[in-house]
Every structure is written in C-alpha cells, then in structure tokens.
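# Descriptive analysis of the structure
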Amino acid sequence: MSEIEQIEQSIRKLSVEQLAKFRAWFIEFDARAWDRQIEADQRAGKLDQLVAEARVEYKAGKARGI
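Per the secondary structure count, the protein includes 3 helices and 0 strands. Shown N-terminal to C-terminal, the secondary structure of the protein runs as helices and strands in the order α-α-α. Computed over the C-alpha atoms, the radius of gyration of the protein is 20 Å, more than 25% above the 11 Å expected from 2.2 N^0.38 for a compact globule of 66 residues. Structurally, the protein occupies a C-alpha span of about 55 × 30 × 15 Å along its principal axes. Split into buried and exposed, the 66 residues of the protein put 2% on the buried side.

What follows is the structure, given as structure tokens:
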C-alpha cells in the first residue's frame, strides 16, 4: 500500500470533529505552500510576462474596480 493510500485510509477513520480540524489545518497548509510557490515563481521571473500584460491592459483602460 502506498503512503497516499495509507493517508487516505487514516482520513476516512477520522471523526467529524477530527476531520473538521484536519480540513482547517490542510487548507492553511495548502495556502502556505501555494504562497511559497508563487513567491519562488516571482523571484525566478516566471510571472514577468503576466505582469507586463496586466500593465498594458491597465494602461489601456481595461482594468475594472474590485
């Protein structure tokens, strides 16, 4: 059995309360991992083209308010 399958089995055995705690923890864990990846991509210049395109669209008046 793979490690992933073992994790899946363990998760299936959690109580409702334990699953809620795990879910909250995982959401935070995943968000931090995503943030680290975005920061690494930015430092590596992988987002430069997207930033340039966004600036062009903004200057052309194509941006909209939030």
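Along its 12 residues, helix H3 (residues 48–59) runs 17 Å from first to last C-alpha, staying within 8% of the 16 Å computed at 1.5 Å per residue. Within H3, only 0 of the 12 residues are buried, which leaves the element largely exposed. Positive phi appears at Gly 61, one or two residues downstream of H3, with a value of about 80°.

Further remarks concern helix H2 (residues 16–43). Since the α-helix packs 3.6 residues into each turn, any two residues three or four apart lie on the same face. Counted at 1.5 Å a residue, the expected span for H2 with its 28 residues is 40 Å, and the 41 Å between its end C-alpha atoms agrees. Gly 45 sits one or two residues past H2 and shows a positive phi near 85°.

With that settled, the discussion passes to the side chain of Asp 41. The residue Asp 41 is located in helix H2 in this model. There is a polar contact of 2.8 Å between the side chain of Asp 41 and the side chain of Gln 37. Excluding residues within four positions of it along the chain, Asp 41 makes contact with Lys 46 and Leu 47.

Reading the values: rules and limits
- Residues numbered from 1 in each chain as written.
- Predicted model: local features only at pLDDT ≥ 70, side-chain atom pairs only at ≥ 80, totals over all residues.
- Heavy atoms only, no water.
- Helix = DSSP H or I, 4+ residues; strand = E, 2+ residues; numbered from the N terminus.
- Rg over C-alpha atoms; globule rule 2.2 N^0.38 Å.
- Buried < 20%, exposed > 50% of the residue type's maximum accessible area, 1.4 Å probe, protein only.
- Expected span 1.5 Å × (residues − 1).
- Polar contact = N/O pair within 3.5 Å; in protein donor to acceptor, adjacent residues only side chain to side chain.
- Contact = heavy atoms within 4.5 Å.

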